[in-house]
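The chain contents come next:
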Amino acid sequence: MAKNFSLPPELKDSLIAASPVVWLNPQKSESYSLDRAMIEEAEKRLIRFAPYIQREFPETLSLNGFIESALQPMLQLKEETLIKGNIFIKRDDGLPISGSIKARGGIHEVLYLAEKVALEHHLISMEDDYSIFAKQRMKNILSKYKIVVASTGNLGLSIGIMSRKLGFNVIVHMSHDAKEWKKSMLRAVGAQVIEHAGDYSLAVAKGREEAEREVNSYFIDDENSKHLFAGYAVAGRRLKKQLDEQGIKVDANHPLCVYIPCGVGGGPGGVCYGLKENFGEHVYCYFVEPTQSPCMLLGMATGQHDQISVYDLGLTNKTIADGLAVGRPSSFAGKLLEPLLDGILTVSDEELITYLKKLYQTEGIIIEPSAAASIKGLFVSLPTSANKEATHIIWSTGGSMVPEEEQKSYIE
Ligand SMILES: Cc1ncc(COP(=O)(O)O)c(C=O)c1O
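Residues numbered from 1 in each chain as written. Predicted model: local features only at pLDDT ≥ 70, side-chain atom pairs only at ≥ 80, totals over all residues. Heavy atoms only, no water.

Participant: I'm lost on the overall build of the protein in this one. Help?
Facilitator: Within the protein one finds 14 helices and eleven strands. In terms of overall size, the protein behaves like a compact globule, its C-alpha atoms giving a radius of gyration of 20 Å where 412 residues would be expected to give roughly 22 Å. Taken along its principal axes, the extent of the C-alpha atoms in the protein is 60 × 50 × 45 Å. Here the protein holds 412 residues, and the buried ones make up 62% of them. Sequence separation of 24 or more characterises 73% of the internal contacts of the protein that already satisfy a separation of 6 or more. As displayed, the protein has an accessible area near 15,600 Å², and 49% of this comes from carbon and sulfur atoms. Put simply, the protein has 44 plus and 52 minus side-chain charges, and the middle of one group is 3 Å from the middle of the other. (Helix = DSSP H or I, 4+ residues; strand = E, 2+ residues; numbered from the N terminus. Rg over C-alpha atoms; globule rule 2.2 N^0.38 Å. Buried < 20%, exposed > 50% of the residue type's maximum accessible area, 1.4 Å probe, protein only. Contact = heavy atoms within 4.5 Å. Areas by Shrake-Rupley, 256 points an atom, 1.4 Å probe, with all protein chains shown as cover. Lys, Arg positive; Asp, Glu negative; His and termini not counted. Charge placed at Lys NZ, Arg CZ, Asp CG, Glu CD.)

Structure below.
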């Protein structure tokens, strides 16, 4: 057990018993500051690279080279939930290139690196058409650099696919939770996969160690990276546009409630940050974690953030939600989220299986177990659940790359 930490006794008992909980963040505040320049910089970088993305990934042609997902109304599932307002599903499970929320942050950081190297070598200026990154001579330069990352799977896929396309060498350290098909897909694009017998935190430590040993090696650090975070945060601006286009109001009388699966916290943290930038006090963000891996809840509720892990509570960190099997949260996301986040819900594997089936039976959508955690937000009573004017979004964070056979196994 961790030496000194305090939690309300009822919460502590439920967490230890792995019973689903609803934790409302007592530190949420209307007073906070945001680094808008960080989001602006990431958004502009994604715009600069759009011509290259469009050229190299034809599935982004209709999106003009933007890596963005649909916002889709959910009409059928609503009948079974506690929700009285509108429900939408944000289809990051279908994000181009790597089929998960990780395509936002992971790809942004790889582009950041490619741009940095190219600028340092005086190969581009920021005003150029970035299609130039598709040229062989650019790939030859980038092939002198190695990107190292640790992942439960989806971050590795986003970084592996993008890095290889640009010409970088890439090594992905994978935790024991990572699915075989994710490793095979990475090897198929030319990434080197290193398998670890331990959990995600161990894979991160090994990756960091390796990158420190080698020159021209860059570690994409899911526990610490601001570039990952900024890439996720751009989602807020994009969502604002989508809601405007669909005529959905967000204001004091029309709250927006968003439910996002959480692992180490960078992905949902960045999205929440971006939502705050665009909707201020009118957005209510809830994260959802597995009952065996509530690392962000534990870090925020104790105030110990990355100094405490779910093992300190005697939990196993074993879950069918492989992307959320993280025992220790990001070193900075929870701290940053203290005034921003409304709460964290936990979900059991049994509930995840029920939600996967329900989503398929009602809407015909198949997503991966980690993504289904978001659905929990529709089945717990929260301050805005009964508000008829509210809009609710479940952030479906992954699924379209899952092989058909495995997809079938989720819903049978
Ligand atoms: C499908 C899916 N959803 C959510 C997450 C959580 O993101 P984070 O670990 O940044 O909290 C992951 C992480 O890999 C994931 O794969």
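Participant: Can you walk me through the site of the ligand in this structure?
Facilitator: Around the ligand lies a shell of 16 residues, among which Lys-102, Asn-154, Gly-263, Gly-267 and Thr-397 are the nearest. Here an oxygen atom of the ligand and a backbone polar atom of Gly-263 are 2.7 Å apart. Interatomic distance of 2.7 Å between a backbone N/O atom of Gly-267 and an oxygen atom of the ligand. In the complex, the protein chains occlude 98% of the 390 Å² of accessible area that the ligand would expose alone. Considering every element that reaches the shell around the ligand, the biggest residue donor is helix 9 (residues 266-279), with three residues. Of the residues contributing to the shell around the ligand, the split by class is five nonpolar, ten polar and one charged. Here the shell around the ligand spans two domains, and each of domain 1 (9-38 + 47-98 + 227-411) and domain 2 (101-224) adds at least three residues to it. (Near = heavy atom within 4 Å. Polar contact = N/O pair within 3.5 Å; in protein donor to acceptor, adjacent residues only side chain to side chain. Nonpolar A, V, L, I, M, F, W, Y, C, P; charged D, E, K, R; others polar. Domains from an automatic or database assignment.)

Participant: So what exactly am I meant to see when it comes to helix 2 (residues 36-56) here?
Facilitator: For an α-helix, the turn length of 3.6 residues means that residues three or four places apart are oriented alike. Its 21 residues place the ends of helix 2 30 Å apart at the C-alpha level, agreeing with the 30 Å of an ideal helix rising 1.5 Å per residue. Bending of helix 2 peaks at approximately 50° at the position of Phe-49, with proline Pro-51 no more than four residues after it. For helix 2, the full list of buried residues reads Met-38, Ile-39, Ala-42, Arg-45, Leu-46, Arg-48, Phe-49, Ala-50, Tyr-52, Ile-53 and Glu-56. Each element contacted by the buried residues of helix 2 is listed here: helix 3 (102-120), helix 4 (136-142), helix 5 (154-166), helix 8 (226-245) and helix 9. (Expected span 1.5 Å × (residues − 1). Bend = angle between axes of the 7 residues up to and from the residue.)

Participant: Teacher, can you tell me more about the domain arrangement of the protein here?
Facilitator: The domain boundaries assigned to the protein delineate domain 1 (9-38 + 47-98 + 227-411) and domain 2 (101-224). On the side of domain 2, 44 residues touch domain 1, which itself brings 45 residues to the contact. Summed over both sides, the interface of domain 1 with domain 2 buries roughly 4,000 Å², with 61% coming from carbon and sulfur. Counting the surface domain 1 buries against domain 2, the share from its top three residues, Arg-48, Phe-49 and Leu-228, is 18%. Here domain 1 and domain 2 share six salt bridges between them. (Buried area = accessible area lost by both parts, 1.4 Å probe. Salt bridge = Lys/Arg side-chain N within 4 Å of Asp/Glu carboxyl O.)

Participant: Mind showing me how you'd approach the pattern of salt bridges here?
Facilitator: Pairing between side chains of opposite charge can happen when their charged atoms approach one another. The full count for this structure, using the stated rule, is 28 salt bridges. When the shortest N-O distance is used, the salt bridge between Glu-115 and Arg-48 registers 2.7 Å. A residue pair is termed long-range when its members are at least 10 positions apart, and Glu-115 in helix 3 and Arg-48 in helix 2 qualify at 67 residues. When sorted by exposure, Glu-115 lands in the same class as Arg-48, which is buried. Close ionic contact of Asp-244 with Lys-240 constitutes a salt bridge, the shortest N to O distance being 3.5 Å. Residue Asp-244 and its partner Lys-240 are both found in helix 8; the two are separated by four residues, about one turn of the helix. Residue classification places Asp-244 among the partly exposed residues on the basis of a relative accessible area of 49%. Here the residues in one salt-bridge network are Glu-40, Glu-43, Lys-44, Arg-237 and Glu-277, joined through shared partners.

Participant: In this structure, what is going on with the UniProt feature "domain: Tryptophan synthase beta chain-like PALP" (unreviewed entry) in the protein? I would like to understand it.
Facilitator: This chain's UniProt record puts "domain: Tryptophan synthase beta chain-like PALP" (unreviewed entry) on residues 73-380. With 42% helix and 15% strand, residues 73-380 has end C-alpha atoms that lie 20 Å from one another. (UniProt positions renumbered as here; feature names shortened; annotations may be inferred.)

Participant: Honestly, helix 14 (residues 404-411) in this entry has me stumped. Any pointers?
Facilitator: Taken together, the buried positions of helix 14 are Gln-407, Tyr-410 and Ile-411. One side of helix 14 carries all its buried residues, which in axial view fall inside an arc of 85°. (Arc of directions from axis to C-beta.)

Participant: What should I look at first to understand the sheet that holds strand 7 (residues 217-220) in this one?
Facilitator: The pairing of strands in a sheet happens through backbone hydrogen bonds and is either parallel or antiparallel. Spatial ordering of the open sheet is given by 6-5-4-7, a layout of four strands whose pairing is parallel. Two strands close off the open sheet at either side, each with one partner strand: strand 6 (192-195) and strand 7. Neighbour-to-neighbour, the strand axes of this sheet turn through a mean angle of 20°, independent of strand direction. Inspection of the sheet shows strand 4 (residues 146-151) paired to strand 5 (residues 169-174) by six bridges, in the parallel sense. Residue pairing across strands places Val-148 opposite Ile-171, the latter belonging to strand 5. Strands strand 4, strand 5, strand 6 and strand 7 of the sheet are contacted by helix 7 (residues 200-213), whose axis makes an angle of about 165° with strand 4. (Pairing = 2+ DSSP bridges. Axes fitted to C-alpha atoms, helices over the stretch in contact; angles between N-to-C directions.)

Participant: Looking at this model, I keep getting lost on the nonpolar core. Mind explaining?
Facilitator: Soluble globular proteins tend to pack their nonpolar side chains together in the buried interior. Membership of the largest hydrophobic core comes to 136 residues, with the highest contact counts inside it found for Phe-133 and Leu-166. Each of two domains, domain 1 (9-38 + 47-98 + 227-411) and domain 2 (101-224), supplies a minimum of three residues to this core. Leave out the neighbours within four places in its chain, and Leu-166 touches Tyr-52, Val-110, Leu-111, Ala-114, Phe-133, Lys-139 and Leu-142. (Core = buried A, V, L, I, M, F, W, Y, C linked by side-chain atoms within 4.5 Å.)

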